Amino acid sequence: MQPAVEITKRGDRNFNSYVGIGDGTRRYEREGLPSVAECLQDAAAALGAEFSYATITYDNVMIGSYPVAVMGHRAVEVADELLVKRSNRRIQYA
């Protein structure tokens, strides 16, 4: 069972992060985080070492599966990649 991380932009520097474990319900959430990178670090900390990978959705766009350790330790790079992938997917379906 792979956990799911959902990140939603609420304002210029205001993001919400939710973590669910397979059944669609949210098991952990944080609101008002200042960046996507902080959302990733927070979600990785919540998941801990129990999970190897998590699926990430950003602003209702399913981005892909990422190693939890990478989400925590390379959050800025993963956040940049998420933004690029989200932009590319929106262009494809426009």
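Check the entry above for the structure.
Owing to the predicted nature of the structure, the values given are computational and were not obtained by experimental measurement.

Cut-off values and rules
- Residues numbered from 1 in each chain as written.
- Predicted model: local features only at pLDDT ≥ 70, side-chain atom pairs only at ≥ 80, totals over all residues.
- Heavy atoms only, no water.
- Helix = DSSP H or I, 4+ residues; strand = E, 2+ residues; numbered from the N terminus.
- Rg over C-alpha atoms; globule rule 2.2 N^0.38 Å.
- Buried < 20%, exposed > 50% of the residue type's maximum accessible area, 1.4 Å probe, protein only.
- Areas by Shrake-Rupley, 256 points an atom, 1.4 Å probe, with all protein chains shown as cover.
- Lys, Arg positive; Asp, Glu negative; His and termini not counted.
- Charge placed at Lys NZ, Arg CZ, Asp CG, Glu CD.
- Expected span 1.5 Å × (residues − 1).
- Phe/Tyr/Trp six-rings, centres within 6.5 Å; stacked < 30°, edge-to-face > 60°.
- Lys NZ or Arg CZ within 6 Å of the ring centre and 35° of its normal.
- Pairing = 2+ DSSP bridges.

Novice: How should the overall build of the chain be read in this particular structure?
Specialist: The helix and strand tally for the chain stands at three helices and five strands. Here the C-alpha radius of gyration of the chain, 12 Å, is about what a compact globule of 94 residues would show, namely 12 Å. Projected onto its principal axes, the C-alpha positions of the chain cover 35 × 25 × 25 Å. Scored against the burial criterion, the 94 residues of the chain give a buried share of 40%. Carbon and sulfur atoms make up 48% of the accessible area of the chain, which totals about 5,500 Å². The positive charge centre, built from 11 side chains, and the negative charge centre, built from 12, are 5 Å apart in the chain.

Novice: How should I be thinking about helix 1 (residues 36-47) in this particular structure?
Specialist: Along an α-helix, residues three or four apart share an orientation, since each turn contains 3.6 residues. Here helix 1 is 12 residues long and its end C-alpha atoms lie 16 Å apart, about the 16 Å a rise of 1.5 Å per residue gives. Residues of helix 1 that are buried: Val 36, Ala 37, Cys 39, Leu 40, Asp 42, Ala 43, Ala 44 and Leu 47. Of the residues one or two after helix 1, Gly 48 is the one with positive phi, at around 65°.

Novice: So what exactly am I meant to see when it comes to the packing of aromatic side chains here?
Specialist: Any two aromatic rings considered together are summarised by their centre-to-centre distance and by the angle between their planes. Tallied over the full model, the rule gives zero aromatic pairs. Taking the ring centre of Tyr 18 as reference, the NZ or CZ of Arg 26 above it sits at 3.7 Å.

Novice: How should the pairing of strand 3 (residues 26-33) be read in this particular structure?
Specialist: Along any regular strand, the residues point their side chains to alternate faces of the sheet. Across five bridges, the pairing between strand 2 (residues 14-21) and strand 3 is antiparallel. Bridging across to strand 3, Phe 15 finds its partner in Leu 33.

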